Protein chains: 4
Amino acid sequence: MASVLITGFEPYAGLASNPSAEIAAALDGMEISGCKIVGRLLPVDFARYHDRLKALLDEVAPALYIGFGLAMGEDMIRIERFGVNLADFDIPDNAGASPRGRAIEPEGPDARASTLPSAAIRAALLEAGIPARFSNSAGSYLCNATLYSALGLCAARGTPCGFIHLPYASEQVAALLREGNGPLNGESAAPSLPIEMMVAAAEIVLQVSAAGLPTA
Amino acid sequence: MASVLITGFEPYAGLASNPSAEIAAALDGMEISGCKIVGRLLPVDFARYHDRLKALLDEVAPALYIGFGLAMGEDMIRIERFGVNLADFDIPDNAGASPRGRAIEPEGPDARASTLPSAAIRAALLEAGIPARFSNSAGSYLCNATLYSALGLCAARGTPCGFIHLPYASEQVAALLREGNGPLNGESAAPSLPIEMMVAAAEIVLQVSAAGLPTA
Amino acid sequence: MASVLITGFEPYAGLASNPSAEIAAALDGMEISGCKIVGRLLPVDFARYHDRLKALLDEVAPALYIGFGLAMGEDMIRIERFGVNLADFDIPDNAGASPRGRAIEPEGPDARASTLPSAAIRAALLEAGIPARFSNSAGSYLCNATLYSALGLCAARGTPCGFIHLPYASEQVAALLREGNGPLNGESAAPSLPIEMMVAAAEIVLQVSAAGLPTA
Amino acid sequence: MASVLITGFEPYAGLASNPSAEIAAALDGMEISGCKIVGRLLPVDFARYHDRLKALLDEVAPALYIGFGLAMGEDMIRIERFGVNLADFDIPDNAGASPRGRAIEPEGPDARASTLPSAAIRAALLEAGIPARFSNSAGSYLCNATLYSALGLCAARGTPCGFIHLPYASEQVAALLREGNGPLNGESAAPSLPIEMMVAAAEIVLQVSAAGLPTA
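Given the structure is predicted, the values throughout are model-derived calculations rather than measurements.

Section: the layout of surface pockets
Stage number 1. In this structure, the second largest pocket occupies an estimated 320 Å³ of space.
Stage number 2. In terms of lining, the second largest pocket is formed by 18 residues, of which the most central are B:Arg81, B:Ser118, C:Leu86, C:Gly101 and C:Arg102.
Stage number 3. Looking at the lining of the second largest pocket, the element that brings in the most residues is helix H3 (residues 118-127) of chain B, giving three residues.
Stage number 4. Looking at side-chain class alone, the lining of the second largest pocket contains eight nonpolar, four polar and six charged residues.

Now the structure itself:
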């Protein structure tokens, strides 16, 4: 059976959890569209994410790779269309590094386009009652770096590859508000979706993306 | 058995649905904390909402009244603390009326404070993993008018009374995006929560509010 | 010559400046519509603002009082229409106090309405090319407390009274971004207007408000 | 004397004006850093912008080209770092065209990076008290198409090239609010900067960008 690799990220920015990690854990081991899902975690660490990602791709040899990450302040599922050759961190990663204005691959192209069927993914999410939008920028933090690097690594293998940004989990926002010491306060916007809806969204993303794979 | 009246609103502003109407329908007939829930609909009509509300209060003679309404652009459950003596409509109601800068009750007080246990409601929602905030303004449209009028009508009866604003339903945002002709586009923010989570939130609001009622 | 009292606030929340303080300083001593402007500073201190405000009203005996304050995240001039009887601080004041869910005047009304000519003020600002909106909530921090208290103190004197919220000053946002350590980062919204435009706005607010005064 | 070409866009989306057109007009004919500024207008027309842009570059043979455009909802000066090979219009252009998911140059690279000194531009704007941010996405409307196409056309000539997004002009927002029939209403955010501050910003952008040019 073909394998599909998905990754989430560790918590970062002082948050206690990361919905992308919960999704990777929830889907790990599932079978979707005849493929076995392998859900793994990437470090929020600019010095280490690339080697970890490459090792996972070598180990799993997936027929499809999709990264998931948190976009604080986003209000729906966000289908990334481009990764750019830029690391420019507004907040330090978990190892304390803050690269600014730095190329990810000094000799790489300015950007690489997602090879997922973005339009079909969005249509299927909306059909299922889950708000989703396209995005032309995955930012310049580790999510973008992962997308840019993965597109390079996967192109050599002929593996479809893309990235999905998630809003805060509703449960996470509720916990932050309860503590009263999160990055949020009663005045600020903190859009979210329940983790259950985001897991359902991830399954749909995988079904649509895997549908186009050659039969394993 | 004591009755609890809740109201939702008709769709308005060209929308095909209103999550507050779905919540009133979903909870109608339920028993919560030993009370029977009566879920009804209010017209989005400045000339008619007051008489309809008064008739419902007369008919149901509830031990508790809570209005629900949609706050487009809101990102969590919003517990209103005040209704003000002002009708100032940015968009026309369903009968085409747009009162501007007009007192709801020319001789009424400037504002009336909710008599719900707001802090306990918010704590219970957060405990259940549902984001919620306090609000000091229910706007100046029909939601505020309903809260202001209801607080006047209920004070005379000694009935606790308040108002809860809801974000868009996720399913509603997905439908609007699918049609591509709603008030939203791919660029704009449209925070939402699934209708299922909002129904759960309404149940919690009712449980906490009814807990303080004298035994029926 | 009649006097008009305006107040701004000290910086707070770790900010180095407060546009309302700059406006009070810029207009202090000016003559507008035949009135002498007295611009003073209020402390961001729940325990002290009331006495300072009362002392200023006693000392200046103004024909008109208008408070100014910063609303972080606001994008235009905001004309407050109500002050509510609630102190509920999301961030501590400059003395470290964070009253939560507390009445400002235990025996006071739920809210008091501004006695400024709000519609005429907004029309004049828009005519001058300055974006302005009405607001039905001045929050539940010191700005609201000042408005609520001032409306009570001024009613007894027959003095028109209101409150204007300001966005960040553009120069202030630029300084915060330059330092890279403010409450803002490259991703977050931080709407602003230049201090020069806000001073012009304040002059218009005063002209329109003073126009209705009995000739001194 | 070397020439510098700047372009603004026609009004679109039902707006009566476009701050980028006002800036191009205001700077046309100025001398900045020893260069003559040529300010011209581009049509909001996907079928025509490219030929008009190419004709202008041929005619003016500039030592530097910078496009300006409006980003509705933006709150500061936005320095674009990438143009992507995608036209995906949420609203029709002025000729009624709405390309969706379409490559600008079927054989072109996924994206092209701005060749302006972005970091120096931002530093100079902040130093002058003007809020500015970097952006990794110019969207997928005509602004992005102009940036992507211009980077291709200018690369062949060795001409530095980039794009600056502007917020609404404050005067424009005030006019829209006065009419009460714009894309805005009293509830919605509409951040803006005065046209005067945006003209000053454009001069700084040109000074910093022209500083790096070989002496003409």
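Some remarks on the packing of aromatic side chains
Residue and element names in this part refer to chain A.
Stage number 1. One pass over the structure, following the stated rule, counts 18 aromatic pairs over all chains.
Stage number 2. Feature note: the residues Tyr12, Phe46, Tyr49, Phe89 and Tyr141 constitute an aromatic cluster, connected by ring pairs.
Stage number 3. It is arginine 112 that lies over the ring of tyrosine 148; its NZ or CZ is 4.1 Å from the centre.

Observations concerning the pairing of strand E9 (residues 161-166) of chain C
Residue and element names in this part refer to chain C.
Stage number 1. Among the six residues of E9, six are classified as buried, and the element is accordingly described as predominantly covered.
Stage number 2. Residues of E9 alternate between two faces, with Cys161, Phe163 and His165 on one and Gly162, Ile164 and Leu166 on the opposite face, all of them buried.
Stage number 3. Looking at chain direction, strand E4 (residues 64-70) and E9 are connected through six bridges and run parallel. Paired with glycine 69 across the bridge in E9 is histidine 165.
Stage number 4. Pairing of strand E5 (residues 77-80) with E9, which is carried by three bridges, proceeds in the antiparallel orientation. Within E9, the position partnered with arginine 78 by the bridge is histidine 165.

Structural notes on the packing of helix H3 (residues 118-127) of chain A against helix H6 (residues 195-211) of chain A
Residues and elements named next belong to chain A.
Stage number 1. Look at H3 against H6: their axes get within 9 Å of each other, and the N-to-C directions meet at 140 degrees. In terms of axis orientation, H3 runs oblique to H6. You can see that H3 and H6 cross each other, and the crossing is right-handed. Across the interface between the two elements, Ala120, Ile121, Ala124 and Leu125 from H3 touch Ala201, Ile204, Val205, Val208 and Ser209 from H6.
Stage number 2. A class-by-class count of the residues in the contact of H3 with H6 yields eight nonpolar, one polar and no charged.

Some words on the interface of chain B and chain A
Stage number 1. Between chain B and chain A, the contact holds 26 residues from the first and 26 residues from the second.
Stage number 2. Taking both sides of the interface into account, the surface hidden between chain B and chain A amounts to around 1,900 Å²; carbon and sulfur atoms contribute 57%.
Stage number 3. Considering only the surface of chain B that becomes buried against chain A, B:Leu126, B:Leu177 and B:Arg178 emerge as the three largest contributors, covering 23% of it.
Stage number 4. Linking chain B with chain A are zero salt bridges, by the criterion used here.
Stage number 5. Remark: the boundary between chain B and chain A carries four residue pairs in polar contact (both at pLDDT 80 or more).

Brief notes about the relation of the copies chain B and chain A
Two copies of the chain are present, and they differ by a rotation about an axis and a shift along that axis.
Stage number 1. In the superposition of chain B on chain A (RMSD 0.0 Å, axial shift 0.0 Å), the rotation amounts to 180 degrees. Considering both components of the superposition, the chain copies are consistent with a two-fold axis.
Stage number 2. Mapped onto chain A, 100% of the interface residues of chain B again fall at the interface, so both copies present the same surface.

Points about the pattern of salt bridges
Stage number 1. Counting across every chain of the model gives 48 salt bridges over all chains.
Stage number 2. Among the ionic pairs, A:Arg100 bridges to A:Asp90, the shortest N-O distance being 3.1 Å. Highlighted residues: A:Arg100 in the loop between strand E6 (82-84) and strand E7 (111-113) and A:Asp90 in the loop between E6 and E7, separated in sequence by ten residues.
Stage number 3. Notably, a salt bridge pairs D:Arg112 with D:Glu105, separated by 2.9 Å at the nearest N-O pair.
Stage number 4. Linked by salt bridges that have partners in common, A:Glu74, A:Asp75, A:Arg78, A:Glu80 and A:Arg133 make up one network.

Side note on the confidence of the model for chain A
Residue and element names in this part refer to chain A.
Stage number 1. Confidence along chain A averages 94 in pLDDT terms, with 95% of residues attaining 70 or more.
Stage number 2. Across residues 182-187 the pLDDT falls below 50, and counting only partners more than four positions away or on other chains, this stretch makes 16 contacts in the model.
Stage number 3. Note on the complex model: pTM 0.95, ipTM 0.94.

Some remarks on the sheet that holds strand E9 (residues 161-166) of chain A
Two modes of strand pairing occur in sheets, parallel and antiparallel, and in both the strands are linked by backbone hydrogen bonds.
Residues and elements named next belong to chain A.
Stage number 1. On the basis of which strands lie adjacent, the open sheet formed by seven strands has the order E2-E3-E1-E4-E9-E5-E8 and mixed pairing. Edge positions in the sheet fall to strand E2 (31-32) and strand E8 (132-135), since each of these pairs with one other strand and no more.
Stage number 2. For strand E1 (residues 3-9) and strand E3 (residues 35-42), the ladder comprises seven bridges, and the chain directions are parallel. By the bridge assignment, threonine 7 is partnered in E3 with arginine 40.
Stage number 3. Across the sheet, helix H2 (residues 49-60) lies against E1, E3 and strand E4 (64-70), angled at about 160 degrees from E3, the strand it touches most.
Stage number 4. Sitting on the sheet, helix H4 (residues 142-157) touches E1, E3, E4, strand E5 (77-80) and E9, and the angle it makes with E9 is about 165 degrees.

A few points about the sheet that holds strand E1 (residues 3-9) of chain C
All names here are of chain C.
Stage number 1. What the seven strands build is an open sheet, ordered E2-E3-E1-E4-E9-E5-E8; its pairing is mixed. The strands lining the two open edges of the sheet, one partner per strand, are strand E2 (31-32) and strand E8 (132-135).
Stage number 2. In terms of strand pairing, E1 meets E4 through four bridges, oriented parallel. Note that in E4 the partner of threonine 7 across the bridge is glycine 67.
Stage number 3. Against the sheet, helix H3 (residues 118-127) contacts E5 and E8, and its axis sits at roughly 160 degrees relative to E8.

What to know about helix H5 (residues 170-179) of chain C
Residue and element names in this part refer to chain C.
Stage number 1. By the criterion of burial, H5 is predominantly enclosed, with seven of the ten residues buried.
Stage number 2. Buried within H5 we find Ser170, Gln172, Val173, Ala174, Ala175, Leu176 and Leu177.
Stage number 3. Downstream of H5 by a residue or two, glycine 180 has a phi angle that is positive, lying close to 70 degrees.

Overview of helix H6 (residues 195-211) of chain B
Three or four residues apart is the spacing at which side chains of an α-helix point the same way, because the helix has 3.6 residues per turn.
Stage number 1. Helix length check: H6(B) (17 residues) gives 24 Å between terminal C-alpha atoms against 24 Å at 1.5 Å per residue, within 8%.
Stage number 2. Residues of H6(B) that are buried: B:Ile195, B:Met197, B:Met198, B:Val199, B:Ala201, B:Ala202, B:Ile204, B:Val205, B:Leu206, B:Ser209 and B:Ala210.

A few points about the side chain of A:Asn18
Stage number 1. Position of A:Asn18 among the secondary structure elements: in the loop between E1 and helix H1 (19-27).
Stage number 2. Setting aside chain neighbours within four positions, we find A:Asn18 in contact with A:Phe9, A:Glu10, A:Pro11, A:Tyr12, A:Leu70 and A:Gln172.

Cut-offs applied
- Residues numbered from 1 in each chain as written.
- Chains lettered and ligands numbered in written order.
- Predicted model: local features only at pLDDT ≥ 70, side-chain atom pairs only at ≥ 80, totals over all residues.
- Heavy atoms only, no water.
- 1 Å grid on protein atoms, 1.4 Å probe; cavity = no way out; pocket = protein on both sides within 12 Å on 5 of 7 lines; lining within 4 Å.
- Points joined across faces, edges and corners; volume = space filled by probe spheres on them.
- Helix = DSSP H or I, 4+ residues; strand = E, 2+ residues; numbered from the N terminus.
- Nonpolar A, V, L, I, M, F, W, Y, C, P; charged D, E, K, R; others polar.
- Phe/Tyr/Trp six-rings, centres within 6.5 Å; stacked < 30°, edge-to-face > 60°.
- Lys NZ or Arg CZ within 6 Å of the ring centre and 35° of its normal.
- Buried < 20%, exposed > 50% of the residue type's maximum accessible area, 1.4 Å probe, protein only.
- Pairing = 2+ DSSP bridges.
- Axes fitted to C-alpha atoms, helices over the stretch in contact; angles between N-to-C directions.
- Parallel < 35°, antiparallel > 145°, perpendicular 65-115°, else oblique.
- Left-handed = near helix turned anticlockwise from the far one by under 90°.
- Contact = heavy atoms within 4.5 Å.
- Buried area = accessible area lost by both parts, 1.4 Å probe.
- Salt bridge = Lys/Arg side-chain N within 4 Å of Asp/Glu carboxyl O.
- Polar contact = N/O pair within 3.5 Å; in protein donor to acceptor, adjacent residues only side chain to side chain.
- Least-squares fit on C-alpha atoms with pLDDT ≥ 70 in both.
- pLDDT = per-residue confidence, 0-100.
- Expected span 1.5 Å × (residues − 1).

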